[in-house]
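Descriptive analysis of the structure
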Amino acid sequence: MAPGAEASSGATMAATRLELNLMRLLSRCEALAAERRDPEEWRLEKYVAALEDMLRELKKQSSKPAPELLNEYSRKVDFLKGLLEAEKLSSSTEKALANQFLAPGRTPTTAKERTPATKTVHLQTKARCTGQMRSELLGTDPLAADDSEELNIRRRKGLPSDEKQSAVELDAVLQHHQDMQEKLAEEMLSLARSLKNNTLAAQNVIKQDNQTLSHSLRMADQNFEKLKDESDRLEQHAKKSVNWLLWIMLIVVCFIFISMILFIRIFPKLK
């Protein structure tokens, strides 16, 4: 065999070995993500970091897999990374919202899987977050709800792992998740109706206050117009009174003047 052919064959085997290691580690990470982990669990985070490094190395290989397969690997690694970031959030509402934006893988990682493991993990995580939100709304103990969810998952895991049973388990998870979503939707609808009734009541009160205020403003305007009319009438009356008084004073002055002239004429000056 020529040296170039041997080099090409060695690169292909290295790339295949790297891809196999990536698939094995990815399958292990999916299994860890499906389990209930302690807050101090560090293996999954380290494994995901190693997956990112292996994926980068795989993309640099000359004989790398098809672009669709690389995109699927990247999709699953990004899903696991986003899942870890969502688990670090403090509020269950934030966790549920972050999980809504996660995109699980579209194809199974191994040939034994009937449904992509990341999709199952996504459904379990959404169901867990929904149960926590429901517990917070109802004021129940979220730890008890998580324990009940964990018990149901363990019971499902204890059954035989053939394809038919896997389908039944997935249907049970989907049904459980749908039931919890329906209950949460009913509770949110009830809260929305209560909020709507309170808003309508407040709106009616504000409307009545506005009507009362408008009536008071109209009455104030009417009183102001009446006061203005009375002020004009009083001013005219005052002007008329002044005119009559002036005429009377003129008449009195003229009368006194004429009387003095007549008095002087009638009674001449004494010598």
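Here we come to the overall build of the protein. Helices and strands together make up the secondary structure of the protein, namely 7 helices and 0 strands. Counting only residues that meet the buried cut, the protein has 26% of its 271 residues in that class. For the protein, the exposed area adds up to about 19,800 Å²; of that, 60% sits on carbon and sulfur atoms.

This part takes up a nonpolar patch on the surface. The grouping of F257, I258, I261, L262, F263, I264, I266 and F267 at the surface amounts to a nonpolar patch, some 860 Å² of accessible area in total. Residue L262 is classed as partly exposed on the basis of its relative accessible area of 48%.

The next point concerns the nonpolar core. L22, L44, L51, Y73 and L80 are the most contacted members of the largest nonpolar core, which has 23 residues in total. Where this core is concerned, the elements lending two or more residues are α1 (3-34), α2 (43-60) and α3 (67-87). Take this core: its biggest share by element is 8 residues, from α1. The contacts of L51, once residues within four sequence positions are left out, are L22, L25, L26, C29, V77 and L80.

This part is about the pattern of salt bridges. According to the stated counting rule, one finds 4 salt bridges in the structure shown. Two residues, R56 and D53, come together in a salt bridge whose shortest N-O distance is 2.2 Å. Here the residue R56 and the residue D53 both occupy positions in helix α2, the gap between them amounting to 3 residues, near one helical turn. R56 sits in the partly exposed class, given a relative accessible area of 45%. For D53, a relative accessible area of 40% corresponds to the partly exposed category. Where E230 meets R233, a salt bridge forms, and the shortest distance between an N and an O atom there is 3.5 Å. Of this pair, E230 and R233 both sit in helix α7 (residues 163-266), 3 residues apart, which is roughly one turn of the helix. Classification of E230 as partly exposed rests on a relative accessible area of 46%. Accessibility expressed as a relative area gives 56% for R233, which makes it exposed.

Here we come to the confidence of the model for the protein. Taken residue by residue, the protein gives an average pLDDT of 76. The fraction at 70 or more is 77%. Every residue in residues 1-15 scores below 50 in pLDDT, and together they form 7 contacts with partners more than four places removed in sequence or on other chains. Segment residues 153-163: pLDDT under 50, and 15 contacts once partners within four positions in sequence are set aside and those in other chains are kept.

Inspection of the secondary structure assignment puts H122 in helix α5 (residues 117-138). Residues contacting H122, with those up to four places away along its chain left out, are F79, N99, L102 and P104.

The rules behind the values
Residues numbered from 1 in each chain as written. Predicted model: local features only at pLDDT ≥ 70, side-chain atom pairs only at ≥ 80, totals over all residues. Heavy atoms only, no water. Helix = DSSP H or I, 4+ residues; strand = E, 2+ residues; numbered from the N terminus. Buried < 20%, exposed > 50% of the residue type's maximum accessible area, 1.4 Å probe, protein only. Areas by Shrake-Rupley, 256 points an atom, 1.4 Å probe, with all protein chains shown as cover. Patch = residues over 30% accessible without salt bridge, like charges linked within 9 Å, V, L, I, M, F, W, Y side chains within 5 Å. Salt bridge = Lys/Arg side-chain N within 4 Å of Asp/Glu carboxyl O. Core = buried A, V, L, I, M, F, W, Y, C linked by side-chain atoms within 4.5 Å. Contact = heavy atoms within 4.5 Å. pLDDT = per-residue confidence, 0-100.

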